[in-house]
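Listed below are the residues making up each chain.
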Amino acid sequence: MNVVSRGIRNALRSPLRSGAIVIMLAISITLIVAMLVARSSVNAKIEEVKGSTANQITINPAGIRGGFGGGDPLTAEQVTTVTSTAHIGSVASTLTDQAGTDDTNLTPSLELGSFGQRMQRFETSTGDSNGPTDVIQGDGSSDSAPARPARTPRTTITGTTDANSIASDGSTLTLTSGATVDSTSSDLVALVGKTLAEKNSLSVGSTFTLYGKTFTVNGIYETGNTFQDSGIVVPLATLQTATEQPGAVTSAVATVDSSENVTATVSALKTALGDKADITSSAEQAETSVASLRSISSLATTGVVGATIAGAVIVLLTMTMIVRERRREIGVIKAIGGTTSKVITQFVTEALTLTLVSGVIGIALGIFVSGSITDGLVTSASAAPKTTQGQGPMASAGGMRGTGGPTQRFNQGLQQVTSTVTPQIFMGAAGITLLIAILGSALPAYLIARVRPAEVLRTE
Amino acid sequence: MSLEVKDLTKTYNASHGKVTALDSVSFSVSTGEFASIIGKSGSGKSTLLSLLGALDTPTKGEIHVDDINIARLSPHKQTAYRAKKIGFVFQQYNLIPNLSALENVMLALEFGGMRASERKERARELLTAVGLEPDQQLRKPAKLSGGQQQRVSIARALANKPAVILADEPTGNLDSETGKKIFDLLHDLSRTEKTTIIAVTHDLDIAGKTDRTYMLKDGKITTKRG
Ligand SMILES: Nc1ncnc2c1ncn2[C@@H]1O[C@H](COP(=O)(O)OP(=O)(O)O)[C@@H](O)[C@H]1O
Ligand SMILES: [Mg+2]
């Protein structure tokens, strides 16, 4: 029988009251654990999203996004400016083009569809380069409109210095057969998407005509993305030469040496390129994408703090009530030689016992419900990422598409937050439980210290 | 000279001004003596006991117990003094309700510094000495009669072989027959244990049987006998 066992025994002195307090505290702790799990799961997701985008900066010529828009591509000089900017390690440059029936003997593997038709609705004779003003011609009679050729789907040709840049997950491009092309060369070699290759019965070693030249198939790739798998990848220089656009680039992705330098490099590039290019860093895009996750995270943090305060208040009120009730007992212990610190230890032990029992129940319950609470939080807050998913000309059918920026990749996985209970959460929850007991015991301890032993001689 | 009080004054700051509960009280009690203090309600009897028992510090004056002036002890030393040198017996018994009779005595032994392994045996001896049956020793205070509770409280007061036992109206809550038995118990103990006892009482019969009696009136000793 010592001060600790007396404290534990006192916790069971009034079973009904103790039971009620344990239930209330356990609910608070359940909430704390669930919020801690949600918070750490969401934070892990945020880190994952930010980490997966590395330190990339995307430079698009002003007005051009993938196959859309208008304006001039980046020039070789501008690309050199990017390459020579401080902190930039490597630059993957891409030039995209649409090859029509006049450009290639290949049959496109994408259906035109309503999207493709709409995209081509302004176009006239594909072979006529005279421009729109000459549309009405011939005998001059206004009612004899020229016969518009049938609209045809097209094949997207990507000239790139890094064939991996079209991989949908940002890693290495998967080749189902053959080998990759030397992206730095200007050889007439190509990687053909699986769907397009099947449509045209192409295999490694096959040849086809593009821009009047004969290309050899070096490899067949598969990304799992219908649009990409209907395209052709060639070395950048090859496409620049074939389309007579020397040095032209429609998109460049620069990798910065460290994430701390991304912001500075973005502004350096903006200064260097002026209004000729639109510069976005993947970090910024990731930041936008994870904004809703961040709000869940801060909501969860608020929840943890709130539930901790609630728990501490429960303990505080309970212990204050108990100390008031046992005022005479405290005086007696002091009168017969018990030190104030011993009495406080006894009462703190009592508070700890109640809190720990609640903690065990609460943590177990919290782990049990944390999965569904995390899901609930993420789903209810996921409206934001969903709406941004449609941004940009990234439709995947009909023949045109931007070079899918990293943004799309973030959004796909944003709702897949897996709630995991890590040892840190366990420790954190245990620590907070302890904190609740200590915070909740502080005022009662003060009240205990103030009980004068002489009070026991009072006969009220 | 076991206990000597000189010029003891205690003033309380009550809401309606200062109350002088004890006014320049001086007296002495020898080792092993049984002294009684009588006086009307509010005359300062409890205040005197609280000062003798170091439950409170006097406004003025000295209290020498075995040649130590306990009037000016630090709070920490006061606690140690109460644990080792003083045994209290209260009118309302003041046992810890959650602990058995045995554990109540063991609690005092713990505060007195006795080794944990020896406490139970010593507590049993004490409870047997005050007349509590073994099965009664295991009961909580609520399951004991007033007289039995007061016996436990006397065993607790004796636990650490104190220099002085201070009893504030120990028979005040008991019927006259039980009160007499409790008084006889205290009386016998003062003989066998050679413990100094100072008891506050209303009962003039009881007071008449003690070695000496002091009468308090408005915080002053007016009469003494013996
Ligand atoms: N803590 C206190 N604060 C203020 N006044 C007190 C306090 N304790 C006792 N008194 C006053 O001191 C006087 C003596 O009280 P007390 O020693 O309890 O008398 P008794 O025990 O003889 O009935 C009374 O007037 C009482 O109201
Ligand atoms: Mg009194």
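Relevant structure appears above.
Quantities reported herein were computed from a predicted structural model and do not represent experimental measurements.

Each value, and the rule that gives it
- Residues numbered from 1 in each chain as written.
- Chains lettered and ligands numbered in written order.
- Predicted model: local features only at pLDDT ≥ 70, side-chain atom pairs only at ≥ 80, totals over all residues.
- Heavy atoms only, no water.
- Near = heavy atom within 4 Å.
- Polar contact = N/O pair within 3.5 Å; in protein donor to acceptor, adjacent residues only side chain to side chain.
- Areas by Shrake-Rupley, 256 points an atom, 1.4 Å probe, with all protein chains shown as cover.
- Helix = DSSP H or I, 4+ residues; strand = E, 2+ residues; numbered from the N terminus.
- Nonpolar A, V, L, I, M, F, W, Y, C, P; charged D, E, K, R; others polar.
- Core = buried A, V, L, I, M, F, W, Y, C linked by side-chain atoms within 4.5 Å.
- Buried < 20%, exposed > 50% of the residue type's maximum accessible area, 1.4 Å probe, protein only.
- Contact = heavy atoms within 4.5 Å.
- Salt bridge = Lys/Arg side-chain N within 4 Å of Asp/Glu carboxyl O.

1. Some details on the site of ligand 1
Next, step 1: In the region of ligand 1, the neighbouring residues are Arg458(A), Tyr12(B), Val19(B), Ala21(B), Lys40(B), Ser41(B), Gly42(B), Ser43(B), Gly44(B), Lys45(B), Ser46(B) and Thr47(B).
Next, step 2: Residue neighbours of ligand 1 fall on chains A and B, so the site bridges chains.
Next, step 3: Arg458(A) places a polar side-chain atom, nitrogen or oxygen, 3.0 Å from a nitrogen atom of ligand 1.
Next, step 4: The backbone of Ser43(B) places a nitrogen or oxygen atom 3.3 Å from an oxygen atom of ligand 1.
Next, step 5: Protein contacts shield 70% of the accessible area of ligand 1, which totals 560 Å² for the unbound molecule.
Next, step 6: Of all the elements in the fold, those that place two or more residues in the shell around ligand 1 are strand 2 (17-29) and helix 1 (45-52) of chain B.
Next, step 7: Take the shell around ligand 1: its biggest share by element is 3 residues, from helix 1 of chain B.
Next, step 8: Taken together, the residues of the shell around ligand 1 sort by class into 3 nonpolar, 6 polar and 3 charged.

2. A few points about the nonpolar core
Next, step 1: If you look at the biggest cluster of nonpolar residues, it comprises 83 residues, and the most contacted ones within it are Phe27(B), Leu52(B) and Ile198(B).
Next, step 2: Counting residues per element, this core draws most heavily on helix 2 (residues 15-52) of chain A, which supplies 13 residues.
Next, step 3: With residues near it in sequence (within four places) discarded, Phe27(B) still touches Leu3(B), Glu4(B), Val5(B), Leu48(B), Leu52(B), Tyr214(B) and Ile221(B).
Next, step 4: The next biggest cluster of nonpolar side chains, apart from the first, holds 38 residues, and it includes Ile57(A), Val79(A), Leu210(A) and Val256(A).

3. With respect to the pattern of salt bridges
Next, step 1: For the coordinates displayed, the defined rule picks out 18 salt bridges over all chains.
Next, step 2: Glu110(B) is paired through a salt bridge with Arg6(A); the nearest N and O atoms lie 2.9 Å apart. With Glu110(B) in helix 3 (residues 101-112) and Arg6(A) in helix 1 (residues 3-11), this residue pair bridges two chains. Residues Glu110(B) and Arg6(A) agree in their burial class; the two are buried.
Next, step 3: Across the pair Glu121(B) and Arg124(B) runs a salt bridge whose closest N-O atoms are separated by 3.8 Å. With Glu121(B) and Arg124(B) both in helix 4 (residues 116-129) and 3 residues apart, this pair spans about one turn of that helix.
Next, step 4: According to the relative accessible area criterion, Arg124(B) is partly exposed, its value standing at 35%.
Next, step 5: Each member of the salt-bridge network shares a partner with another, and the members are Arg6(A), Lys342(A), Glu110(B) and Arg119(B).

4. Let's talk about unusual backbone geometry
All names here are of chain B.
Next, step 1: You will see that Asp67, though not glycine, has its phi angle at about 70 degrees, which is positive.
Next, step 2: Mapped onto the fold, Asp67 is located in the loop between strand 4 (60-65) and strand 5 (68-69).
Next, step 3: Overall, the relative accessible area of 70% leaves Asp67 in the exposed class.
Next, step 4: The phi dihedral of Tyr93 falls on the positive side, at around 65 degrees, and the residue is not glycine.
Next, step 5: Counting through the fold element by element, Tyr93 comes out in the loop between strand 6 (86-89) and helix 3.
Next, step 6: Owing to a relative accessible area of 10%, Tyr93 belongs among the buried residues under this scheme.

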